[in-house]
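Descriptive analysis of the structure
The chain contents come next:
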Amino acid sequence: MKIKEILEKKEITFSCEMFPPKPGADLQKFEETIRAIAELGPDFISVTYGAGGSTSKRTLEIATEIQNVYGVPALAHLTCVASSREEIASSLRRMKENGIENILALRGDIPQGMDFPLSQHYRYACELIEDIRSQGDFCIGAACYPEGHVECEHKSEDIGYLSHKVKCGCDFITTQMFFDNNVLYNFLYRIMRQDIRVPVVAGVMPVTNSRQIRRSCELSGTTLPPRFRAIADKFSDHPAAMKQAGIAYATEQIIDLISNGVTHIHLYTMNKPDIAAQIMDNLSAIIR
């Protein structure tokens, strides 16, 4: 089923993201992770692509398993930074063969030391979106950045790029993580003024490791609000307490979003189904 149809039909949707295992990882444990997340009953599961396309084969395999074995619609990430147009066309053919019809089209992070763009490669995600649209009946999602893309100096310029992605054929947009809901509400107002009307899926990251999230925020340009910093400072040396506080913070964040009309929630699970399960249990009467 196409994700745009799910977003249109359901008032509240709850989806999850997972990433393929690294080389040498325990595959049996990873299979248990897939099953555990699928059994939570999300409206769809997205599968990331890995830096520079490093896990591209596994992305398709996992997305196919999620969809065909567990019956959950899969959203396969596809990045173009390290792939030629010919390689992308090959990936799209394999997706068609495996029944994958939902794609999150991304430029991807540029690997350190890489000359970008290479010949026969895409420069922007909008070029990838146009190509996907021309090569099959796919449902296409794109990324958006409530606080602006880290490479973009001005937010207005970033929203201009987002508007172009939509005009090129993307059906919905998914936000990067954010920890202050007012940041998202402001972003939604700004894109509405630019007549960007596709569904917005709000990406929420439950934080259970404060040191790790601080590093991620430095790289992505995401702001940690004072309330969250206080939690991280208080519990960073107590893993069990940090986990409990992170789950509570994400739960409160989602309740506030839904109360204010943001009804499509995407949980960045970090392959931790127990955390996703606790959040969904906290919201059991709200999202069902």
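Okay, so let's go over this structure. Because the structure is predicted, anything quoted here is derived from the model rather than measured. (Residues numbered from 1 in each chain as written. Predicted model: local features only at pLDDT ≥ 70, side-chain atom pairs only at ≥ 80, totals over all residues. Heavy atoms only, no water.)

Structural notes on the pattern of salt bridges
Note the cut-off: Salt bridges are defined by distance alone: a side-chain nitrogen of Lys or Arg within 4 Å of a carboxyl oxygen of Asp or Glu. What counts as a helix is a DSSP run of H or I of at least four residues, what counts as a strand is a run of E of at least two, and both are numbered from the N terminus. Three exposure classes are used, based on accessible area relative to the maximum for each residue type with a 1.4 Å probe and protein chains only: buried under 20%, partly exposed in between, and exposed over 50%.
Considering all chains together, one arrives at 11 salt bridges under this definition. Here Lys10 ties to Asp43 by a salt bridge, and the two come within 2.7 Å at their closest N and O atoms. With a gap of 33 residues between them, Lys10 in the loop between helix H1 (3–9) and strand E1 (13–18) and Asp43 in the loop between helix H2 (27–38) and strand E2 (45–47) connect regions that are remote in the sequence. Relative accessible area serves as the criterion here: at 11%, Asp43 is assigned to the buried category. Members of the salt-bridge network, linked through shared partners, are Lys2, Glu101 and Asp137.

Remarks on a positive patch on the surface
Rules: In this analysis, a patch consists of residues with relative accessible area above 30% that form no salt bridge, clustered at 9 Å for like charges and at 5 Å for the nonpolar side chains Val, Leu, Ile, Met, Phe, Trp and Tyr. Exposure was quantified through the Shrake-Rupley algorithm and a 1.4 Å probe, taking into account, for residues, occlusion by the shown protein chains and nothing else. Only four residue types enter the tally: Lys and Arg on the positive side, Asp and Glu on the negative side, with His and both chain ends excluded. Where a charge lies is defined by one atom per residue type: Lys uses NZ, Arg uses CZ, Asp uses CG and Glu uses CD.
Among the surface-exposed residues, Lys57, Arg93, Arg94 and Lys96 lie close enough to one another that they form a single positively charged patch. Considering every element that reaches the positive patch, the biggest residue donor is helix H4 (residues 85–97), with three residues. Structurally, the position occupied by Lys96 is in helix H4.

Structural notes on empty space enclosed by the protein
The condition that has to hold: Here the term cavity refers to a set of points on a 1 Å grid, laid over the protein atoms alone, in which a 1.4 Å probe fits but cannot get out; the term pocket refers to an open set having protein on both sides within 12 Å along at least five of seven lines, with lining residues being those that place an atom within 4 Å of a point. Grid points are joined across faces, edges and corners, and a volume is the space filled by probe spheres set on the points. Under this grouping Gly is polar, as are all residues other than the nonpolar Ala, Val, Leu, Ile, Met, Phe, Trp, Tyr, Cys and Pro and the charged Asp, Glu, Lys and Arg.
By the definition in use, this model includes two cavities of 30 Å³ or more. Together, Tyr145, Pro146, Glu147, Gly148, Gln176, Met177, Phe178, Ser220, Gly221 and Thr222 line the second largest cavity. Residue composition of the lining of the second largest cavity, by class: four nonpolar, five polar and one charged.

Structural notes on the packing of helix H9 (residues 226–235) against helix H10 (residues 239–259)
For clarity, the threshold we go by: Structural elements are reduced to axes, namely lines fitted to C-alpha atoms, with helices fitted over the stretch in contact, and the angle between N-to-C directions of any two is expressed from 0 to 180 degrees. Orientation is classified from the angle alone, with under 35 degrees giving roughly parallel, over 145 giving roughly antiparallel, 65 to 115 giving roughly perpendicular, and any other angle giving oblique. Should the near helix be turned anticlockwise from the far one by less than a right angle, the crossing is termed left-handed; should it be turned clockwise, right-handed. Two residues form a contact once any of their heavy atoms are found within 4.5 Å.
Taken N-terminus to C-terminus, the directions of H9 and H10 make an angle of 165 degrees; their axes are 9 Å apart at the nearest point. For the element pair H9 / H10, the angle class is roughly antiparallel. In the packing of H9 onto H10, the handedness of the crossing is right-handed. Where H9 approaches H10, its residues Arg227, Phe228, Ile231, Ala232 and Phe235 are matched on the opposing element by Ala241, Met242, Ala245, Tyr249 and Glu252. Of the residues assigned to the contact of H9 with H10, the class counts are eight nonpolar, no polar and two charged.

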